[in-house]
Amino acid sequence: MSRTQGTSGKGKPSGRGQQNGNGKNANRGGSVSKSKSFARGNAPVKNVNPPSKKTSNPDEIRLNKYVANSGMCSRREADVHIATGLVTVNGKVITEMGYKVKLEDEVRYDGARINPEKKAYVLLNKPKGFATTTSEGKGRTVMDLVANATTSRIKPIGRLGRNSKGLLLFTNDDVIAAKFTNSKNGVPRLFHIELDKNLKLEDLKTIQAGFKIEGKLIAVEEISYIDGASKNEIGLKIKNTGNTLIRTIFDYFKYEIVNLDCVAIGPLTKKDIPRGHWKHLTEQELNNLKML
């Protein structure tokens, strides 16, 4: 006996042979297209992984902000200067708006190098045992001593040997740094030097007059004995930024340096700076340094 299908039976109507509202069969073979179904499995696929937003590089800064932060002008004015080709990055003229640079890039405005960081001037009274270098892996360095002085990326001007002590100036101001490396002017530094034996008067006079080593003239600003001290303690003033010159001089005359202490840099002294400590230059001290 065939089983009849109806709405009163346990099973659900199959739907076969049913007519749509127009009286036409809506079976598979019919000409009527299927209507869209929003049942589970047929719902439109959602994009569960939308494209992520491009994250900005914290080490980069917009060029107009870089120029404005340097104190040259406002950001709006910087846009104008960039558009007119007055700004270069690593030697290349940049006119693109929104261009980004890194802090270590060389950015120049109208030919002069600029820096977006706040200018900092830190004077350290260096103790023995610290190397004058910004390189890592060199043991204890002077950068460890001034690590908390400023967030600006300062560097030492000149050098003091690991076993030397005294004043060392740090800055990120290229104009001030150039004063020290200027071959014509420079900035005088005064050293208190202790030798392993008394300095002969004739040697002192020869050093003061200037002499040649392998054809190269060796000259100092001043040299003298220290008042009230023995003849193995002397004061020496030079404009050279390193202390290699000092060792070259006394090696030539067969003296060994026992202690070397930089006691003054131009108008800057160690007053109120204990050994191993630092201070920021006052406005007056900075102005005095700029006037050299």
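In case you missed it, the structure is sitting above this.
The rules behind the values
- Residues numbered from 1 in each chain as written.
- Predicted model: local features only at pLDDT ≥ 70, side-chain atom pairs only at ≥ 80, totals over all residues.
- Heavy atoms only, no water.
- Helix = DSSP H or I, 4+ residues; strand = E, 2+ residues; numbered from the N terminus.
- Buried < 20%, exposed > 50% of the residue type's maximum accessible area, 1.4 Å probe, protein only.
- Contact = heavy atoms within 4.5 Å.
- Areas by Shrake-Rupley, 256 points an atom, 1.4 Å probe, with all protein chains shown as cover.
- Phe/Tyr/Trp six-rings, centres within 6.5 Å; stacked < 30°, edge-to-face > 60°.
- Lys NZ or Arg CZ within 6 Å of the ring centre and 35° of its normal.

Draft legend 1. Geometry of the overall build of the protein. Within the protein one finds seven helices and 17 strands. Taking all 292 residues of the protein together, 34% fall into the buried category. Within the protein, contacts between residues at least 6 apart in sequence are counted, and of these 63% link residues at least 24 apart. Surface accessibility of the protein: about 19,500 Å² in total, with carbon and sulfur atoms responsible for 47%.

Draft legend 2. Seen up close, the packing of aromatic side chains. Within this structure, the stated rule accounts for four aromatic pairs. Taking 5.2 Å as the distance between ring centres and 75° as the angle between the ring planes, the aromatic pair formed by Phe 211 and Phe 253 counts as edge-to-face. Highlighted residues: Phe 211 in strand E11 (residues 211-213) and Phe 253 in the loop between helix H6 (244-252) and strand E15 (257-265), separated in sequence by 42 residues. For the pair Phe 211 and Phe 253, one class covers both residues: buried. Ring-pair connections join several aromatic residues into one group, and the members of that group are Phe 211, Tyr 252 and Phe 253. Across from the ring centre of Phe 130, 4.4 Å away, lies the NZ or CZ of Arg 140, which sits over that ring.

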